[in-house]
Amino acid sequence: MVKHTIQNEQLTATITEKGAELTSLVGNDAEYIWQANATHWARHAPILFPFVGKLKNDQYHYQGNSYQMGQHGFARDRVFSVISQTANTISLLLKDDDASHKIYPFDFELIVSYALSGNTIKVGYQVSNPSNQTLYFSIGGHPAFNCPLAPGKQRSNYSLNFNQIENTEVHYLTDGLFAGATEPFEGDVLTLPENRFDRDALVFKSLRSASVSLMDNDQKTRLTFDYDGFPYLGIWSKNRSSNFVCIEPWFGIADQADHDGDITKKEGIMVIDGKAQFDCTYLITTF
């Protein structure tokens, strides 16, 4: 697996060509990214494209044809090409090909970029439509952060603190799909007790906040995650003993349980006209 390193005075980041995945982010004498212990979850920070989450029956329909696709799409398992690199930046490209056309009948160019500035890493996604055909897609991040980040603590000693008071709902998945299960969420603190993820991921569809901070029980901020502009946010860990927490900004979402499979009617689907492009970014700031 080909790896590339970028760094500045405060951070060192490692990115692999497979999946254009951030596999390490070191600063303040700490490794912030989960190191893919296969006992729990063998990934670090996969990129979700061209779908976020699960499709009903692992398939979708477009213009009279049906296509099979696994959860979160294929980009995370494809090899990207490095198109630019400096000491503290890197950009990688994935394009459509004969293999992708068999499961996703669209031309596309996906550029994933990383840039370090002080104690912050900026992650960018650019999706371009090189054809005249309308492009339908979803995209999202799935970074997993070590939690605890300090010896002598547990995941349950941490919380996620939103930057605004929320009065919304948590949406829960049932067998990977949304079937209407929700519960209220009020306030600005999401605690992380051992049983927090017994019902799988927590999905937010209507947050006021544009950032969330991982804080320990000494009220010390360990990282801040800025996702301004992303309409959906997922929070997830594998089980009660997995020492990580994922903060996942999404443009797109898993299927509803009653979805008819038509990609053009899929909740959260993004649409790009011919010769147009879409850009989004999120920030991880370490402390």
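For the structure, see preceding data.
In this text, all values refer to a predicted model and were calculated from it rather than measured experimentally.

Peer 1: Explain the overall build of the chain to me, and be specific about the residues and the numbers.
Peer 2: When its secondary structure is counted, the chain shows one helix and 23 strands. For the chain, the C-alpha radius of gyration of 18 Å lies close to 19 Å, the compact-globule estimate for 287 residues. By its C-alpha atoms, the chain is 55 × 45 × 35 Å across when sized along the principal axes. Burial analysis of the chain (287 residues in total) assigns 54% to the buried set. A fraction of 64% describes how many contacts in the chain between residues 6 or more apart in sequence connect residues 24 or more apart. Positive and negative side-chain charges in the chain, numbering 23 and 33 respectively, have mean positions lying 4 Å apart.

Peer 1: Go over the pairing of strand S1 (residues 3-7), please, and point to the residues and values.
Peer 2: Burial along S1 is one-sided: His-4 and Ile-6 are buried, and none of Lys-3, Thr-5 and Gln-7, which face the opposite way, are. Here S1 hands over to strand S2 (residues 12-16) after four residues, the two strands then running antiparallel side by side.

Peer 1: Go over the nonpolar core, please, and point to the residues and values.
Peer 2: In terms of nonpolar packing, the biggest core is built from 74 residues, with Tyr-104, Tyr-114, Phe-137 and Ile-235 touching the most fellow members. Here the element with the most residues in this core is strand S15 (residues 158-174); it accounts for five residues. Every residue in contact with Ile-235, bar those within four places of it in the chain, is listed here: Leu-160, Leu-190, Phe-197, Ala-201, Leu-202, Phe-204, Val-245, Cys-246 and Ile-247. With 16 residues, the next largest nonpolar core counts Trp-41, Leu-48, Ala-144 and Cys-246 among its residues.

Peer 1: So, the side chain of Asp-216: which residues are in play, and what are the values?
Peer 2: In this structure, Asp-216 sits in strand S18 (residues 211-216). In this structure, Asp-216 is buried with no salt-bridge partner, the nearest side chain bearing the opposite charge being Lys-153 at 4.5 Å. A polar side-chain atom of Asp-216 sits 2.9 Å from the main-chain amide nitrogen of Asp-218. At a separation of 2.9 Å, a polar atom in the side chain of Asp-216 contacts the main-chain amide nitrogen of Lys-220.

Peer 1: Outline the pattern of salt bridges, supporting the account with residue identities and numerical values.
Peer 2: Tallied over the full model, the rule gives ten salt bridges. With a closest N to O distance of 3.9 Å, Glu-109 and Lys-95 form a salt bridge. On the criterion of sequence distance, the pair formed by Glu-109 in strand S10 (residues 109-117) and Lys-95 in strand S9 (residues 89-95) is long-range, its members being 14 residues apart. Residue classification places Glu-109 among the partly exposed residues on the basis of a relative accessible area of 24%.

Peer 1: Explain the packing of aromatic side chains to me, and be specific about the residues and the numbers.
Peer 2: A full pass over the atoms with the stated rule returns 28 aromatic pairs. Positioned over the ring face of Tyr-172 is Arg-199, at 3.9 Å from the centre of the ring. Geometry around Phe-178 places Lys-205 over its ring, the cationic atom sitting 5.0 Å from the centre.

Peer 1: Now, about unusual backbone geometry: what can you tell me, with residues and values included?
Peer 2: Note: most residues except glycine have negative phi, and most peptide bonds are trans. The amide bond that connects Phe-49 to the next residue, Pro-50, takes the cis arrangement and shows omega of 5°. On the secondary structure map, Pro-50 appears in the loop between strand S5 (47-48) and strand S6 (59-62). With an omega of 25°, the peptide bond between Cys-147 and Pro-148 qualifies as cis. Structurally, Pro-148 is set in the loop between strand S14 (144-146) and S15.

Conventions adopted
- Residues numbered from 1 in each chain as written.
- Predicted model: local features only at pLDDT ≥ 70, side-chain atom pairs only at ≥ 80, totals over all residues.
- Heavy atoms only, no water.
- Helix = DSSP H or I, 4+ residues; strand = E, 2+ residues; numbered from the N terminus.
- Rg over C-alpha atoms; globule rule 2.2 N^0.38 Å.
- Buried < 20%, exposed > 50% of the residue type's maximum accessible area, 1.4 Å probe, protein only.
- Contact = heavy atoms within 4.5 Å.
- Lys, Arg positive; Asp, Glu negative; His and termini not counted.
- Charge placed at Lys NZ, Arg CZ, Asp CG, Glu CD.
- Pairing = 2+ DSSP bridges.
- Core = buried A, V, L, I, M, F, W, Y, C linked by side-chain atoms within 4.5 Å.
- Salt bridge = Lys/Arg side-chain N within 4 Å of Asp/Glu carboxyl O.
- Polar contact = N/O pair within 3.5 Å; in protein donor to acceptor, adjacent residues only side chain to side chain.
- Phe/Tyr/Trp six-rings, centres within 6.5 Å; stacked < 30°, edge-to-face > 60°.
- Lys NZ or Arg CZ within 6 Å of the ring centre and 35° of its normal.

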